[in-house]
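Report on the structure
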Amino acid sequence: MTKKIKISFLMVVWSIVAIQVYINHQEKTQRQSQTVTAFSVVQEQTGEALISGYGYFGTMELSGETRETMLVNLANKLGITDGYTFQDGEGEDFEKKLLVKEGKQAVTTLQLISMLGSGTEPDQYIVMEIRTRQNMEAAVSLYQRMKRVYEEIGVDGDVNLEITLEQDGNASLEEPGGLTEQIFALTQAKEVDSIQKDGIATIYGYTKKEDSYLKWNGKKVNLQVAMYYDEEQDKSYVKIGVPIVNTSY
């Protein structure tokens, strides 16, 4: 695809969903419905969800106006039509344009990042992030929507869902019928590996209900639970990641 066609595709045709993309999405939605059910076990807990994605768009020059138009089209596909602001950023070897929407239920940040090379056109990356305290079913829906947006614009995007929550008492990984066991059972996930280190319990799993995955010691992984118990507060701090927990814990 030429640069001109690719830019035109983003600016004009992003609102058109291909029939095959729709069919694929319907099939994935059916497979992932049980994942949504699984996260309902943490609905009443205090927590936050982070949905993040990035993907390589291509090597080309983009004007400031084109970047803004592309970001607005991306926002529209996520259901954002107003109330957003634009920001600029730059570093030694990059520059970026941001669209930020601070809503009552979520903060969304969309970025076009240009990695600058000596004597060459910049590499362009599309980065999306949504932070929300909506219920977990809504968070999973946003995760699926972000994956669909990358598909529709023809970008191979890596999308991650991470849920952070607190639970009273010791939600130990070893506890029969506990939080982790419920999630793994409801998603039909199988344990791949588990680690206990520095007071943090981490368990990795794989489920066919989620199409994306990473490799951990040569095995497929697309579900991770990390848990820390604070004895003084008698409270457990938990992070659940699909396909993996990306932030520190």
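Residues numbered from 1 in each chain as written. Predicted model: local features only at pLDDT ≥ 70, side-chain atom pairs only at ≥ 80, totals over all residues. Heavy atoms only, no water.

Brief notes about the overall build of the protein
Across its full length, the protein holds five helices and 12 strands. Every one of the 249 residues in the protein was classed for burial, and the buried ones make up 44%. A total of about 13,300 Å² of accessible surface is found on the protein, and carbon and sulfur atoms cover 47% of it. (Helix = DSSP H or I, 4+ residues; strand = E, 2+ residues; numbered from the N terminus. Buried < 20%, exposed > 50% of the residue type's maximum accessible area, 1.4 Å probe, protein only. Areas by Shrake-Rupley, 256 points an atom, 1.4 Å probe, with all protein chains shown as cover.)

A look at unusual backbone geometry
Here Val 242 and Pro 243 are connected by a cis peptide whose omega angle stands at 5°. In the Ramachandran plot, Asn 217 falls in the positive-phi region, its phi being about 50° despite a non-glycine side chain. Turning to its location among the elements, Asn 217 is positioned in the loop between β9 (214-216) and β10 (219-221). Although it is not a glycine, Asp 234 sits at a positive phi angle of roughly 50°. Within the element layout of this structure, Asp 234 appears in the loop between β11 (223-230) and β12 (235-242).

Overview of the environment of Asp 93
Mapped onto the elements, Asp 93 comes out in the loop between β2 (84-90) and β3 (94-102). On the basis of relative accessibility, which here comes to 40%, the residue Asp 93 falls in the partly exposed class. Spatially, the C-alpha atom of Asp 93 lies 6.0 Å from that of Met 115, the residues being 22 residues apart in sequence. For Asp 93, the residues in contact, after removing those within four places along its chain, are Ser 114, Met 115 and Leu 116. (Contact = heavy atoms within 4.5 Å.)

Details of the pattern of salt bridges
Think of it this way: side chains of opposite charge can pair up when their charged atoms draw near. Inspection of the entire model under this criterion finds 12 salt bridges. For the salt bridge of Glu 152 with Lys 77, the shortest nitrogen-to-oxygen distance reads 2.7 Å. Linking Glu 152 in helix α4 (residues 136-152) with Lys 77 in helix α3 (residues 64-77), this pair joins segments that are 75 residues apart in sequence. Given a relative accessible area of 12%, Glu 152 falls into the buried group. A salt bridge links Asp 211 to Lys 147, with the nearest nitrogen and oxygen atoms 2.8 Å apart. Taken together, the residues span a long stretch of sequence, with Asp 211 in the loop between β8 (200-206) and β9 and Lys 147 in helix α4 at a distance of 64 residues. (Salt bridge = Lys/Arg side-chain N within 4 Å of Asp/Glu carboxyl O.)

What to know about the confidence of the model for the protein
Overall, the predicted model of the protein reaches an average pLDDT of 81, with 78% of residues at or above 70. Mean pLDDT in the protein bottoms out at helix α1 (residues 3-12), which sits at 42, and peaks at β3, which reaches 96. Counting contacts from residues 1-32, a segment whose pLDDT is below 50, to residues more than four positions away or on other chains yields 45 contacts. (pLDDT = per-residue confidence, 0-100.)

Observations concerning α3
For α3, spanning 14 residues, the distance from its first C-alpha to its last is 20 Å, which sits close to the expected 20 Å at 1.5 Å a residue. Where α3 is concerned, the buried positions are Thr 66, Arg 67, Met 70, Leu 71, Val 72, Asn 73, Leu 74, Ala 75 and Lys 77. Once α3 finishes, Gly 79 follows within two positions and takes phi at roughly 90°, a positive value. (Expected span 1.5 Å × (residues − 1).)

Some points on the pairing of β8
Of all seven residues in β8, six are buried, a share of seventy percent or more. Here strand β7 (residues 190-197) runs beside β8; their pairing, made up of seven bridges, is antiparallel. Counterpart to Ile 195 in the pairing with β8 is Thr 202. Counted between consecutive antiparallel strands, the loop separating β7 from β8 contains two residues, among which Asp 198 sits at a positive phi close to 55°. (Pairing = 2+ DSSP bridges.)

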